[in-house]
Amino acid sequence: MRLLIILLNSIYIVCVVGLAAYGFQALWLTWRYLHGRARRPRLAEPTAQDLTEWPPVVVQHPNYKEHHVAERIIRACCRLDYPRD
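In this report, the structure presented in the accompanying data block is examined. Quick caveat, the model's predicted, so the values are computed rather than measured.

So, on to the overall build of the chain. Counting its regular elements, the chain contains two helices and zero strands. Here the chain has a C-alpha radius of gyration of 29 Å; the compact-globule value for 85 residues is 12 Å, and the former is much larger. With the C-alpha coordinates of the chain rotated into their principal frame, the extents come out at 80 × 45 × 15 Å. Here the chain holds 85 residues, and the buried ones make up 1% of them. When the accessible area of the chain is evaluated, it comes to approximately 8900 Å², of which 64% is carbon and sulfur surface. For the chain, the distance from the average site of its 11 positive side-chain charges to the average site of its 7 negative ones is 19 Å.

Quick look at the structure:
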C-alpha cells in the first residue's frame, strides 16, 4: 500500500511540474510578444504611387448549385479593374 501511495504522489508531482513548466512557457511567450512589439520599428504602408509592379491577385468565387447567382458573380469579377486608380 505504501508503494502505491509513493507511485501516485510521484505521478502527481510530475504532472504538476509539467503543467507549471507549460504555464511559465506561455507566460514567457506573452511577455516576449508584448515587449518585443514596442521595439519593432513601424514600417510605412506603400501607397499606389510607390508601387512599380502590382502583385497578382486571385479572385475566387465559390458557388455550388447556385445557378441564379453564378452569372452575376462572374460578371462582377469581369468588371474588376485592378489596380484601381
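With that out of the way, let us pick up the environment of H61. Here H61 lies in the loop between helix 1 (2–39) and helix 2 (67–78). Sequence separation between H61 and V14 is 47 residues, and the spatial gap between their C-alpha atoms is 52 Å. When near neighbours in sequence (up to four residues on either side) are disregarded, H61 contacts I73, I74 and C77.

Tracing the sequence through the fold places L7 in helix 1. Overall, the relative accessible area of 49% leaves L7 in the partly exposed class. In this structure, the C-alpha to C-alpha distance between L7 and H61, residues 54 residues apart in sequence, is 59 Å.

Before going further, it helps to spend a moment on a nonpolar patch on the surface. Together, M1, L4, I5, L7, L8 and I11 make up an exposed nonpolar region whose accessible area comes to about 640 Å². On the secondary structure map, L4 appears in helix 1. A relative accessible area of 45% means that L4 is categorised as partly exposed.

This next bit is on the pattern of salt bridges. Counting across every chain of the model gives one salt bridge. Salt-bridge contacts for R75 lead to E71; the nearest nitrogen and oxygen are separated by 2.6 Å. With R75 and E71 both in helix 2, this residue pair falls four residues apart, about one helical turn. When its relative accessible area of 45% is taken as the criterion, E71 is described as partly exposed.

Relative to the assigned elements, C78 resides in helix 2. Residue classification places C78 among the exposed positions, given a relative accessible area of 64%. In the structure, C78 is positioned 19 residues away from V59 in sequence and 9.9 Å away in space, judged by C-alpha atoms.

Definitions and limits used
Residues numbered from 1 in each chain as written. Predicted model: local features only at pLDDT ≥ 70, side-chain atom pairs only at ≥ 80, totals over all residues. Heavy atoms only, no water. Helix = DSSP H or I, 4+ residues; strand = E, 2+ residues; numbered from the N terminus. Rg over C-alpha atoms; globule rule 2.2 N^0.38 Å. Buried < 20%, exposed > 50% of the residue type's maximum accessible area, 1.4 Å probe, protein only. Areas by Shrake-Rupley, 256 points an atom, 1.4 Å probe, with all protein chains shown as cover. Lys, Arg positive; Asp, Glu negative; His and termini not counted. Charge placed at Lys NZ, Arg CZ, Asp CG, Glu CD. Contact = heavy atoms within 4.5 Å. Patch = residues over 30% accessible without salt bridge, like charges linked within 9 Å, V, L, I, M, F, W, Y side chains within 5 Å. Salt bridge = Lys/Arg side-chain N within 4 Å of Asp/Glu carboxyl O.

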